[in-house]
Amino acid sequence: MSWLKNILGGQTPNQRPTDGTNPIHAWLDAYEIPWRESRGKLIARYGITNHPDRSFEAVELNVPKPPIRGLIRPLYFQISEHFSPNAPAVEFIGDSYYVPNESTNIQSVAKELCTFLGPVNIEHHLNTIRAIWEFDNAKVRLLTWPKEKQRQLSAWGKPDTRDPRLKLGCYITIQTGFVPSASEIERSNIETFVPICSLPKKREARSHDNFYVNQGVMEFIREAENFSLPDRSIGMSADQSLMIFRDKDLYLFKMSMVRAIHVVRTKPAKGPGGSVLQVEVLTDYDGIPVKSVTVCEAAGVDDLNEIGELVASSTGKPLHLSPYYSDC
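Residues numbered from 1 in each chain as written. Predicted model: local features only at pLDDT ≥ 70, side-chain atom pairs only at ≥ 80, totals over all residues. Heavy atoms only, no water.

Q: So what's going on with the sheet that holds strand E16 (residues 274-282)? Which residues, and what values?
A: Here four strands make up an open sheet; going across it, the order is E17-E16-E15-E18 and the pairing mixed. Strands at the two margins of the open sheet, each flanked by one partner only, are strand E17 (290-298) and strand E18 (319-326). Adjacent strand axes in the sheet meet at a mean angle of 25° when their direction is disregarded. Summarising the sheet, strand E15 (residues 258-267) and E16 pair through eight bridges and their orientation is antiparallel. Note that in E16 the partner of Ala260 across the bridge is Glu280. The strands touched by helix H6 (residues 305-315) within the sheet are E15, E16 and E18, with E15 carrying the most contacts at an inclination of about 175°. (Pairing = 2+ DSSP bridges. Helix = DSSP H or I, 4+ residues; strand = E, 2+ residues; numbered from the N terminus. Axes fitted to C-alpha atoms, helices over the stretch in contact; angles between N-to-C directions. Contact = heavy atoms within 4.5 Å.)

Q: If you had to explain the side chain of Lys291 to someone new, which residues and values would you point to?
A: Looking at the secondary structure, you find Lys291 in strand E17. Within the structure, the side chain of Lys291 is placed 2.5 Å from the backbone oxygen of Gly216, a separation counted as a polar contact. Of the polar contacts made by the side chain of Lys291, one reaches the side chain of Glu219; its length is 2.8 Å. Lys291 has contacts with His82, Ser84, Gly216, Glu219, Phe220, Val279, Glu280, Val281, Thr283 and Tyr285, leaving out every residue within four places of it along the chain. (Polar contact = N/O pair within 3.5 Å; in protein donor to acceptor, adjacent residues only side chain to side chain.)

Q: Talk me through unusual backbone geometry; I want residue IDs and the actual numbers.
A: Residue Arg232 is not a glycine yet carries a positive backbone phi of 55°. Classification of Arg232 as buried rests on a relative accessible area of 13%. Within the chain, Gln240 stands out as a residue other than glycine whose phi angle is a positive 65°. Relative to the helices and strands, Gln240 resides in the loop between strand E12 (233-236) and strand E13 (242-246). According to the relative accessible area criterion, Gln240 is partly exposed, its value standing at 47%. (Buried < 20%, exposed > 50% of the residue type's maximum accessible area, 1.4 Å probe, protein only.)

Q: Let's hear about the sheet that holds strand E14 (residues 250-254): which residues, and what values?
A: If you walk across this open sheet you meet the five strands as E10-E12-E13-E14-E11, and the pairing is antiparallel. Every other strand in the sheet has two partners, leaving strand E10 (194-198) and strand E11 (221-222) as the edge strands with one partner each. Its contacts with the sheet put H6 on E10, E12 and E13, and the angle it makes with E10 is roughly 165°.

Q: Run through the environment of Gly169, naming residues and quoting values.
A: Within the fold, Gly169 resides in the loop between helix H4 (165-168) and strand E9 (170-175). The exposure class assigned to Gly169 is buried, which follows from its relative accessible area of 4%. When the C-alpha atoms of Gly169 and Tyr97 are compared, they prove to be 4.6 Å apart, with 72 residues separating the residues in sequence. Excluding residues within four positions of it along the chain, Gly169 makes contact with Ser96, Tyr97, Asn105, Leu143 and Thr144.

Following this line, the structure appears as structure tokens:
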């Protein structure tokens, strides 16, 4: 396709402006998208909609001026009992349509957004055409599914009863990358960090294809930039009121809310196996009262046994070593 190219605007794609601003955040602010607010506040303001085309509940952001001209419905975020109402909504989604042509639709959205986000590559990827802007932890992705790149609907497949514009439109995902700052009390406790041990490096690789944010643990995450804690470490505040571990972000658990330390062990089978260290902790809302938050992973089935024992004994919490599962 001759149109498949950079949409140029005088800069290298995804080059951050020299004034240090985040273009994605500036774009959202320009259209009064309340991306820093909690889910609970946004639910109270906009209400919950049974999304007619996506088969789930959502909150649609009916802002005065749509941030993209061709939006079929307002930008929205998905409702789930797994997401704390006290945490920010960090992913917004939309569908945009201009004409009955997938290629033209993604080009149209990209040209609109280039005004705010700068130039971007529009490229083939698997069965899609996509464009991605990425600035720090904030990302915007455009996707279309051209008909000629899709498998034919099988004889037993159900007909698509959604708005027909969705098939030809551009699917938009916005990740704000927003992480709340620590409170003053949390900050004073973090600065007294007493390490327990270092943690293994994660096994996953950073990739444009990994467009996933774990919204189910946002209530435990704080901005880590202003703290000098060692990377990949776990410990406590000096008064033992907080359990703290640092990955890309900073995770805080009130020690009174921590129930146990788990090591989940999986032997190789069809998959490679490995082990996962998790903290079982009470949440800040009733929908999911208890969550298991992954701290680290390791390749060996027993690689995290000693770390689990050390964390449990240091914090006074019980340790649960799982049976050996098979990685089927």
